[in-house]
Amino acid sequence: MTEDDNTALIEEARKLFSGPISFLKSAPTLDYLPDMAVNEVAFAGRSNVGKSSLLNALTNRNGLARTSNTPGRTQELNFFDVGDPLRFRLVDMPGYGYAKAPKDLVKKWRFLVNDYLRGRAALKRALVLIDSRHGIKDVDTDMLDMLDGAAVSYRIVLTKSDKIKASELVAVTQRTADAIRKRPAAHPEIIATSSEKGMGIPELRAAVLEAVSQG
């Protein structure tokens, strides 16, 4: 993609995310999934990675995705419609890796997420959020393994990038790139973001639009 093409994509994405975006529904099981009318991009991340805050920054809305002081609270797939007429959907997946979650809840999460990833033809990409202060942890590796196994294209998004020094951000970005290099479903480019400072948000919007525009 040329620089002009990228600039045009960022502007198109900015306009789209400034338009109508609304909560559609929650799906506690696959029986509640909406019809596959448009393409979807899903957001995955461990509890406390800042997923809700990033979704709110992405859509320029304070309360679209609920933020909670209780990690692991969301145990459903939450769907959001973008555009009028409808262009695509964002899917907020339940956070993973919360140590105090009951085992039956963890099992339920794994079945729900795995079945959604494997059986959702409308899903064009997953965005896996990684805390830039910590890098990829074992629970993140489990998620990447699940995505690779389901053959779902995914891209790493570093969160809270304003919380570390620029040199540390460069280092964690490189370590992350090295870790995913041989993974079959991983997008090679990593996006560093900050929901508080707005860092990387235009690029993330463009990445979402690019993903849903494929096929």
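See the structure printed just above.
Residues numbered from 1 in each chain as written. Predicted model: local features only at pLDDT ≥ 70, side-chain atom pairs only at ≥ 80, totals over all residues. Heavy atoms only, no water.

Engineer: Would you mind showing me how to read the overall build of the protein here?
Structural biologist: If you tally the helices and strands in the protein, you get six helices and seven strands. Rg of the C-alpha trace for the protein: 16 Å, near the compact-globule value of 17 Å for 215 residues, within the 12% margin. Pairs at least 24 apart in sequence give 76% of the contacts found in the protein among residues at least 6 apart. Charge centroids of the protein, computed over 31 positive and 27 negative side chains, lie 5 Å from each other. (Helix = DSSP H or I, 4+ residues; strand = E, 2+ residues; numbered from the N terminus. Rg over C-alpha atoms; globule rule 2.2 N^0.38 Å. Contact = heavy atoms within 4.5 Å. Lys, Arg positive; Asp, Glu negative; His and termini not counted. Charge placed at Lys NZ, Arg CZ, Asp CG, Glu CD.)

Engineer: Explain the layout of surface pockets here, please?
Structural biologist: In this approach the atoms are scanned with a rolling probe the size of a water molecule, which exposes any empty space left behind. Taken as a whole, the second largest pocket holds about 250 Å³ of empty space. Put simply, the parts of the chain that give the lining of the second largest pocket at least two residues each are helix 3 (103-119) and helix 4 (138-150). Across the lining of the second largest pocket, the residue classes break down as nine nonpolar, five polar and two charged. (1 Å grid on protein atoms, 1.4 Å probe; cavity = no way out; pocket = protein on both sides within 12 Å on 5 of 7 lines; lining within 4 Å. Points joined across faces, edges and corners; volume = space filled by probe spheres on them. Nonpolar A, V, L, I, M, F, W, Y, C, P; charged D, E, K, R; others polar.)

Engineer: What am I meant to see in the packing of helix 2 (residues 51-58) against helix 6 (residues 201-212) here?
Structural biologist: For any two helices packed against each other, the geometry comes down to the angle between their axes and how far apart the axes lie. Running from amino to carboxyl end, helix 2 crosses helix 6 at an angle of 85°, the nearest separation of the two axes being 10 Å. Taken as axis vectors, helix 2 and helix 6 run roughly perpendicular relative to one another. Residues Leu 54, Ala 57 and Leu 58 of helix 2 lie in contact with helix 6, whose contacting residues are Ile 201, Leu 204 and Arg 205. Here the residues of the contact of helix 2 with helix 6 are counted per class, giving five nonpolar, no polar and one charged. (Axes fitted to C-alpha atoms, helices over the stretch in contact; angles between N-to-C directions. Parallel < 35°, antiparallel > 145°, perpendicular 65-115°, else oblique.)

Engineer: How should the sheet that holds strand 2 (residues 40-45) be read in this particular structure?
Structural biologist: Backbone-to-backbone hydrogen bonds pair the strands of a sheet. The strands run either parallel or antiparallel. With mixed pairing, the seven strands of this open sheet are ordered in space as 1-3-4-2-5-6-7. Two strands close off the open sheet at either side, each with one partner strand: strand 1 (21-27) and strand 7 (191-192). Direction of pairing for strand 5 (residues 123-131) relative to strand 6 (residues 154-159): parallel, over a ladder of six bridges. Looking at the pairing, Leu 129 lines up with Val 157 of strand 6. Sitting on the sheet, helix 3 touches strand 1, strand 2, strand 3 (77-82), strand 4 (88-92) and strand 5, and the angle it makes with strand 3 is about 40°. (Pairing = 2+ DSSP bridges.)

Engineer: So what exactly am I meant to see when it comes to the pattern of salt bridges here?
Structural biologist: For side chains of opposite charge, pairing can occur when their charged atoms come near one another. In this structure the tally under the stated criterion is 14 salt bridges. For Lys 160, the salt bridge identified is with Asp 131, shortest N-O distance 4.0 Å. One end of the pair, Lys 160, is in the loop between strand 6 and helix 5 (166-180); the other, Asp 131, is in strand 5, and 29 residues separate them in sequence. Using a relative accessible area of 23% as the deciding quantity, one classes Lys 160 as partly exposed. In this structure, the salt-bridge partner of Arg 181 is Asp 178, at a minimum N-O distance of 2.8 Å. A relative accessible area of 57% means that Arg 181 is categorised as exposed. (Salt bridge = Lys/Arg side-chain N within 4 Å of Asp/Glu carboxyl O. Buried < 20%, exposed > 50% of the residue type's maximum accessible area, 1.4 Å probe, protein only.)

Engineer: What's the story with the side chain of Asn 39 in this structure? I'm lost.
Structural biologist: Here Asn 39 is to be found in the loop between strand 1 and strand 2. Overall, Asn 39 belongs to the buried group, its relative accessible area being 16%. A distance of 2.8 Å separates a polar side-chain atom of Asn 39 from the backbone oxygen of Val 212. (Polar contact = N/O pair within 3.5 Å; in protein donor to acceptor, adjacent residues only side chain to side chain.)

Engineer: Explain the pairing of strand 6 here, please?
Structural biologist: Both faces of the sheet carry side chains from a regular strand, because those side chains alternate between them. Burial runs high along strand 6: six of the six residues are buried. For the handedness criterion, the β-α-β arrangement of strand 5, helix 4 and strand 6 is classed as right-handed. The sheet contact formed by strand 6 and strand 7 spans two bridges and is parallel. Residue Val 157 lies in a different strand from strand 7, and its bridge partner there is Ile 191. Crossover connection from strand 6 via helix 5 to parallel strand 7: handedness right-handed. (Right-handed = clockwise from strand over helix to strand, strands pointing away.)

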